[in-house]
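# Close look at the chain arrangement
The lines below spell out each chain.
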Amino acid sequence: MEPIMEIENVANAIRWQADHAANNGAPCTGRVVRAQLALLDGASAVGRALAHWPGRPLEDALPLRLAGGHHFLSLTGADARLGAVYRGEVTDQAEVDALVYAVTRDHDAALLPWLDGPPQTNEAGRSASIMAALLWLSPRLGPRFEMNELGASAGVNTMMERFHFDLGGATAGPADSPMQIRPEWKGPPPQQAPVEIVAIEGCDRAPVSLADPEQALRLKAYVWAEVTERIARIDAAIALAQARPPRLVQMDAADFVDQRLAAQQADDTTRVVYHSIVWQYLPGETRARIEAAMAAAGARADARRRLAWVKLETNRETFRHELRLRYWPGGGEETLLGTAHAHGAWVEWFGA
């Protein structure tokens, strides 16, 4: 069986992505994605670009790129026709195909640029896994963490020190936060432990500003329309960012890692490099640079200035999203702490 991320046939990739959405609580979005099959005849510039995609369509998240464009048209009111599909009022696939075909034809030029880059699904729900890892690390390394996020997009999870978490009963963060992260928890809860985030910042090659209404709406367009809890989380993130923007820099991930590892580190802290559903989008050379930099910095870490690498990333063979970490000194071998839903709806915890 062909590994999922290595699927090269665009039609098969569209079918897989449609099924994946439907099986993850978004059947309406799944129908809109499946309707991309009707575009492959090449009657539009978008359809031709899909049909002749030069890369691996799932690795490039191709179906989700266009899905974001279609949702954006609906959110902005530029074209209301897909609203009935997103609300679940139109479910017949042939009708959905016809609507998507017509909307794409009528907005061909506006939709084409949505294929230029991967979706920025800046999902606050993924921070549940990152915080669970900090709860696991706290008894081992101490409670003080300096957080550095790679591929931070709009910096939603570069504000996680302002979120409130309930992780199977273990809690962290301000109780009155507008961002309440409470995933379905499978397995025992993490150990309740103090977590103090003393500093937090992130990088992205093309950061999104949540202070800009159009950019914020574009980010929201990548959220599956009918998953209302995710819509609520992105709205809460926009409110938090407008109150105090996250610290974001526009920078290559490997350059950012080099810069952060070279920076002065406060005494008695753990410097954490973290990322979620980002690694697959980084070029191989960038990944290799980061791995080498982390290994070298790990060798220099000591009991007062510690280092950890926390990642929630896709296993390319199983398509399960795995929470893994390494820490220095003492835990340089990678530990699998759990698995999680791609958008944070649930976490299955192994860490105990």
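Details of the structure are given in the entry above.
Every chain begins its residue count from 1, and numbering advances along the sequence as written. Confidence filtering applies because this is a predicted model: local features only for residues at pLDDT of at least 70, side-chain atom pairs given and counted only at 80 or more, and all residues used for totals across whole chains, interfaces and linings. Excluding hydrogens and water, the side-chain figures rest on all heavy atoms present in the structure.

Bringing the nonpolar core into the picture now. Counting 49 residues, the largest nonpolar core has Leu134, Leu137, Met147, Met160, Phe163 and Val310 as the members making the most contacts within it. Sort the elements by how many residues they give to this core and helix H8 (residues 127-141) lands first, with 10 residues. Only buried residues count toward a nonpolar core. Its members are Ala, Val, Leu, Ile, Met, Phe, Trp, Tyr and Cys residues joined through side-chain atoms within 4.5 Å. Residue exposure (1.4 Å probe, protein chains only): buried if accessible area is under 20% of the type maximum, exposed if over 50%, otherwise partly exposed. Core analysis: the next-biggest nonpolar cluster, separate from the first, contains 25 residues, Ile14, Val33, Tyr86 and Ala225 among them. Numbered from the N terminus, helices here are DSSP runs of H or I no shorter than four residues, and strands are runs of E no shorter than two.

All right, on to the packing of aromatic side chains then. Each aromatic pair joins two rings of Phe, Tyr and Trp (for Trp, the six-membered one) with centres within 6.5 Å, and gets the label stacked for planes under 30 degrees apart, edge-to-face for over 60, and tilted for any other angle. Using the criterion set out here, one finds seven aromatic pairs in the structure. Between Trp185 and Trp349, the aromatic rings sit 5.9 Å apart at their centres with planes inclined by 40 degrees, giving tilted as the arrangement. Pair noted here: Trp185 is in strand S5 (residues 184-186) and Trp349 is in strand S12 (residues 346-349), with a separation of 164 residues, a long-range link. One exposure class covers both Trp185 and Trp349, and it is buried. Of the aromatic side chains, those joined through ring pairs into one cluster are Phe72, Trp114 and Tyr222. The rule is short: NZ of Lys or CZ of Arg within 6 Å of the ring centre and within 35 degrees of the ring normal puts a charge over the ring. Over the aromatic face of Trp224 sits the side chain of Arg230, whose NZ or CZ is 5.8 Å from the ring centroid. Taking the ring centre of Trp279 as reference, the NZ or CZ of Lys311 above it sits at 5.8 Å.

Taking 1.5 Å of rise per residue, the 16 residues of helix H10 (residues 228-243) would be expected to cover 22 Å, and the 23 Å separating its terminal C-alpha atoms lies within 8% of that figure. Taken together, the buried positions of H10 are occupied by Arg230, Ile231, Arg233, Ile234, Ala236, Ala237, Ile238, Leu240 and Ala241. Buried residues along H10 sit in contact with strand S4 (180-181) and helix H9 (213-221). Here the expected length of a helix is defined as 1.5 Å per residue gap, with one fewer gap than residues. Contacts are assigned to residue pairs with any non-hydrogen atoms lying within 4.5 Å of each other.

Looking now at the side chain of Asn122. For Asn122, the position within the fold is in the loop between helix H7 (108-111) and H8. The definition of a polar contact used here is a pair of N or O atoms within 3.5 Å, where within protein one atom must be able to donate a hydrogen and the other to accept one, and adjacent residues in sequence count solely through side-chain atom pairs. Within the structure, Asn122 has its side chain in polar contact with the backbone nitrogen of Ala154 (distance 3.0 Å). A polar atom in the side chain of Asn122 sits 3.2 Å from the backbone nitrogen of Gly155. The contact partners of Asn122, leaving out residues within four places of it in the chain, are Ala152, Ser153, Ala154, Gly155, Val156, Asn157, Leu219 and Ile234.

Only strands joined by at least two bridges in the DSSP assignment are considered to pair. Read across the open sheet, the nine strands follow the order S5-S12-S11-S10-S9-S8-S1-S6-S7; overall the sheet is mixed. Every interior strand has two partners, whereas the edge strands, S5 and strand S7 (248-250), have only one. Each adjacent strand pair in this sheet contributes to an overall mean axis angle of 25 degrees, direction not counted. Pairing analysis gives three bridges linking strand S11 (residues 331-340) to S12, with the strands arranged antiparallel. Along S12, the bridge assignment pairs Ala340 with Val347. Relative to strand S10 (residues 321-328), H8 is tilted by about 30 degrees, and along the sheet it contacts strand S1 (144-149), S5, strand S6 (196-204), strand S8 (269-276), strand S9 (305-314), S10, S11 and S12. Whenever a helix is involved, its axis is fitted only over the stretch in contact; in every case the axis is a line through C-alpha atoms, and angles between N-to-C directions fall within 0 to 180 degrees. Where helix H12 (residues 284-300) meets the sheet, its contacts fall on S8, S9 and S10, and the angle it forms with S9 comes to roughly 150 degrees.

On to the environment of Ile277, then. For Ile277, the location among the structural elements is in the loop between S8 and H12. Separated by 268 residues in sequence, Ile277 and Asn9 place their C-alpha atoms 23 Å apart. Those residues within four positions of Ile277 in sequence are excluded, and the remaining contacts are Arg126, Leu312, Glu313, Thr314 and His321.

Tracing the backbone shows Thr158 in the loop between S1 and strand S2 (164-167). On the basis of relative accessibility, which here comes to 1%, the residue Thr158 falls in the buried class. Not counting the four nearest positions on each side in its chain, Thr158 is found in contact with Glu149, Ala152, Ile200, Glu201, Gly202, Pro246, Arg247, Leu248 and Tyr274.

Moving on, we come to the pattern of salt bridges. By convention in these notes, a salt bridge is any Lys or Arg side-chain nitrogen within 4 Å of a carboxyl oxygen on Asp or Glu. What the rule picks out here adds up to 28 salt bridges. A salt bridge links Arg247 to Glu201, with the shortest nitrogen-to-oxygen separation between them at 3.7 Å. Of this pair, Arg247 sits in the loop between H10 and S7 while Glu201 sits in strand S6, and the two are 46 residues apart along the sequence. Residue Arg247 is classed as exposed on the basis of its relative accessible area, which comes to 53%. The exposure class of Glu201 is buried, given its relative accessible area of 10%. The partner of Lys311 in a salt bridge is Glu334, and the shortest N-O contact between them spans 3.0 Å. Pair noted here: Lys311 is in strand S9 and Glu334 is in strand S11, with a separation of 23 residues, a long-range link. By sharing partners, the salt bridges in this structure join Glu146, Glu201, Arg247, Arg260 and Arg271 into a single network.

What follows concerns helix H4 (residues 62-76). Relative to the 21 Å expected for 15 residues at 1.5 Å per residue, H4 spans 22 Å between its end C-alpha atoms, a close match to the ideal helical length. Within H4, burial applies to Leu62, Pro63, Leu64, Arg65, Leu66, Ala67, Gly68, Gly69, His70, His71, Phe72 and Leu73. Trailing H4 by a residue or two, Gly77 shows a phi angle of about 80 degrees, which is positive.

No statement about biological role is implied by the geometric values presented.
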